[in-house]
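# Structural description and commentary
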Amino acid sequence: MPLPRQNAWRARLDGNDAAIAVVMAMSLNFPNASRSFEATQNRVRFWGYDSAIEITFFIQAECLMEICSGVGDTEAELLAAFDSAIERIHQAAINAYGRGRKRSYVHTLAMQDL
């Protein structure tokens, strides 16, 4: 009896976590450039989408200040730092999302992710 399409993929990739992570992460994209600063948590929030599912990501201000040297801790500076490192941040989000944590709809990126 043939496996359903999704199970067939899993069967072929069974035991190969890296390949599964690549397949899972390929569906995450960032069509919306929106981001916002959360002063109470001192972090920037942004969103990715896996088909119709919205995935929320956070990156702490400390991470932004570390990857963009000379950045202060004001909202404007942190959002500018986020914008200047957007490709690196999006790649880190894709990697974090694809590491088997796909069932979660909220991810916080840390320096080790970047």
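Residues numbered from 1 in each chain as written. Predicted model: local features only at pLDDT ≥ 70, side-chain atom pairs only at ≥ 80, totals over all residues. Heavy atoms only, no water.

Below, the discussion takes up the pairing of strand E5 (residues 106-109). Burial along E5 is one-sided: the face carrying His107 and Leu109 is buried and the face carrying Val106 and Thr108 is not. The pairing of strand E4 (residues 53-60) with E5 spans 4 bridges and is parallel. Bridge pairing in E5 links phenylalanine 57 to histidine 107. (Buried < 20%, exposed > 50% of the residue type's maximum accessible area, 1.4 Å probe, protein only. Helix = DSSP H or I, 4+ residues; strand = E, 2+ residues; numbered from the N terminus. Pairing = 2+ DSSP bridges.)

On to helix H5 (residues 86-98). Relative to the 18 Å expected for 13 residues at 1.5 Å per residue, H5 spans 18 Å between its end C-alpha atoms, a close match to the ideal helical length. Looking only at H5, the buried set comprises Ile89, His90, Ala92, Ala93, Ile94, Ala96, Tyr97 and Gly98. (Expected span 1.5 Å × (residues − 1).)

Residues Ile53, Tyr105 and Val106 make up a contiguous nonpolar surface patch of roughly 280 Å² in combined accessible area. Within the secondary structure, valine 106 is located in strand E5. (Patch = residues over 30% accessible without salt bridge, like charges linked within 9 Å, V, L, I, M, F, W, Y side chains within 5 Å. Areas by Shrake-Rupley, 256 points an atom, 1.4 Å probe, with all protein chains shown as cover. Salt bridge = Lys/Arg side-chain N within 4 Å of Asp/Glu carboxyl O.)

Let us now look at the environment of alanine 92. With respect to the secondary-structure elements, alanine 92 resides in helix H5. A C-alpha to C-alpha distance of 7.5 Å links alanine 92 and leucine 109, two positions 17 residues apart in sequence. Excluding residues that lie within four positions of it along the chain, alanine 92 makes contacts with Leu109, Asp113 and Leu114. (Contact = heavy atoms within 4.5 Å.)

Regarding helix H4 (residues 75-84), the residues found buried are Leu78, Leu79, Ala81 and Phe82. Along the axis of H4, the buried positions cluster into a sector of 155°, meaning they face one direction only. Seen from the buried face of H4, the exposed residues on the opposite side, beyond 90 degrees, are Ala76 and Ser84. Looking at the buried positions of H4, the neighbouring elements they touch are strand E2 (35-38), strand E3 (43-50), E4, helix H3 (61-67) and H5. (Arc of directions from axis to C-beta.)

To continue, consider the nonpolar core. With 26 residues, the main nonpolar core has Phe46, Phe57, Ile59, Leu64, Ile89 and Leu109 as its most contacted residues. Sorting the residues of this core by element identifies E3, E4, H3, H4 and H5 as the ones contributing at least two each. (Core = buried A, V, L, I, M, F, W, Y, C linked by side-chain atoms within 4.5 Å.)

Further remarks concern the confidence of the model for the protein. Taken over all residues, the pLDDT of the protein has a mean of 80, while the share at 70 or more is 74%. Of the regions scoring below 50 in pLDDT, residues 1-13 engages in 7 contacts with residues more than four places distant in sequence or in other chains. Considering only residues more than four positions removed or in separate chains, one finds that residues 19-25, a stretch of pLDDT under 50, has 12 contacts. (pLDDT = per-residue confidence, 0-100.)

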